[in-house]
Amino acid sequence: MSSWFRRPEARPHAVPNPPQSGGPAAAPGAERVLRRLEWTVLRRLDGLLQGQHRTLMRGTGLDLADLREYQLHDDVRHIDWNVTARTATPHVRVFTEDREMSAWFLLDLSPSVDFGSGERRKRQISAEFTAVLARLLTRQGNRVGAVLYGQGVEAVIPAGTGRRQVLRLLHAAQRAGLAAPKTTSQAGATRLADLLNAAAHAIRRRATVFVVSDFISEPGWERPLGQLALRHDVVAVRLNDPLELELPDLGLLTLRDAETGEQLLVDTASPRFRKRFAALSAQREADLRAALASAGVDALELSTDDDLAEAIVRFVELRRQRTRLASGGMAAHLRQAG
């Protein structure tokens, strides 16, 4: 989405630890949200995943475990060229994963994520997804950190462990992006590339990176995303709302761009307008999926009307199947069938 104005520059800063829950200055919102998610979503996931949550993160591969022939879905970066040259057949190195891994959440909390046509907004499902995944991972001893984008890159939260770290992330996400620009001329479209570039400098070691965004941004984020995926295991968590894909007949409406403030009067009663809107939305969806695929990242789509637990389970199952393909399981099965 293009913008007429520029967003004010914002310098990243470290977010202090939230006060202990129950204290006079505690953040009851973050504590209340996390406790609710632990009782609803996390308890369901414990029964549904049955240990498969490890497929959400892929280890750094420090220990060489085996060598095998290259398969279609293998990472070409793991090809052992010396063995390949000697055998005249491509071989890849198979690694054992580290037990302690790091996950980072790149949170796009720009004004466009405040949209929601129902009871929930994209900002809410972003916070809930982050809290659930972070708690799920920290319970296994993994470290989680975050880079937050609101009015520019606002905060970098170093990776840490434990429930307190999850509260720290959730509290910071609730505050990010809420300070409105002082003047209209300071408003501007999201620059997702700034978030990705900031993450590339902040994340020192290989990690699993969740980019949580609606990807409504100025062009130019595709290359930084691809560069980030060369070093890290990147997952694009795409936030959307059903009303962004298809407009119902609501008569005359005044639509306002949440980021630029631009307003437009449209006639949703016109079938021609609704058809054109749907066509443009479908084209944007196709372009976005192609860009994510080209960057080599896995994608999880979260809608404001989705069940969060079921969406996470579907994604874990997808990652598990891809892990099987990468390990050569499908090729071995075909060889046995042959």
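Right above here is the structure, for reference.
Residues numbered from 1 in each chain as written. Predicted model: local features only at pLDDT ≥ 70, side-chain atom pairs only at ≥ 80, totals over all residues. Heavy atoms only, no water.

(A) How the structure looks around the packing of helix α3 (residues 122–138) against helix α4 (residues 163–175). Orientation of α3 relative to α4, taken along the N-to-C sense of each, is 165 degrees, at an axis distance of 9 Å. Considering the angle they form, α3 stands roughly antiparallel to α4. Remark: the crossing between α3 and α4 carries right-handed chirality. Every residue of α4 that contacts α3 at R123, A127, T130, A131, A134, R135 and T138 is listed here: R163, V166, L169, L170, A173 and Q174. Of the residues assigned to the contact of α3 with α4, the class counts are seven nonpolar, three polar and three charged. (Axes fitted to C-alpha atoms, helices over the stretch in contact; angles between N-to-C directions. Helix = DSSP H or I, 4+ residues; strand = E, 2+ residues; numbered from the N terminus. Parallel < 35°, antiparallel > 145°, perpendicular 65-115°, else oblique. Left-handed = near helix turned anticlockwise from the far one by under 90°. Contact = heavy atoms within 4.5 Å. Nonpolar A, V, L, I, M, F, W, Y, C, P; charged D, E, K, R; others polar.)

(B) Focus on the environment of E128. Among the structural elements, E128 can be located in helix α3. Taking the C-alpha atoms as reference points, E128 and V33, separated by 95 residues in sequence, lie 8.0 Å from one another. Apart from the residues within four sequence positions on either side, E128 is in contact with R36, L37, R120 and L308.

(C) View of the pairing of strand β8 (residues 252–256). Sparse coverage of β8 is indicated by the burial of zero of its five residues. Of the strand pairs in this sheet, β8 and strand β9 (residues 263–267) are connected by five bridges, and their pairing is antiparallel. Its bridge partner being in β9, L255 is matched across the sheet by L264. (Buried < 20%, exposed > 50% of the residue type's maximum accessible area, 1.4 Å probe, protein only. Pairing = 2+ DSSP bridges.)

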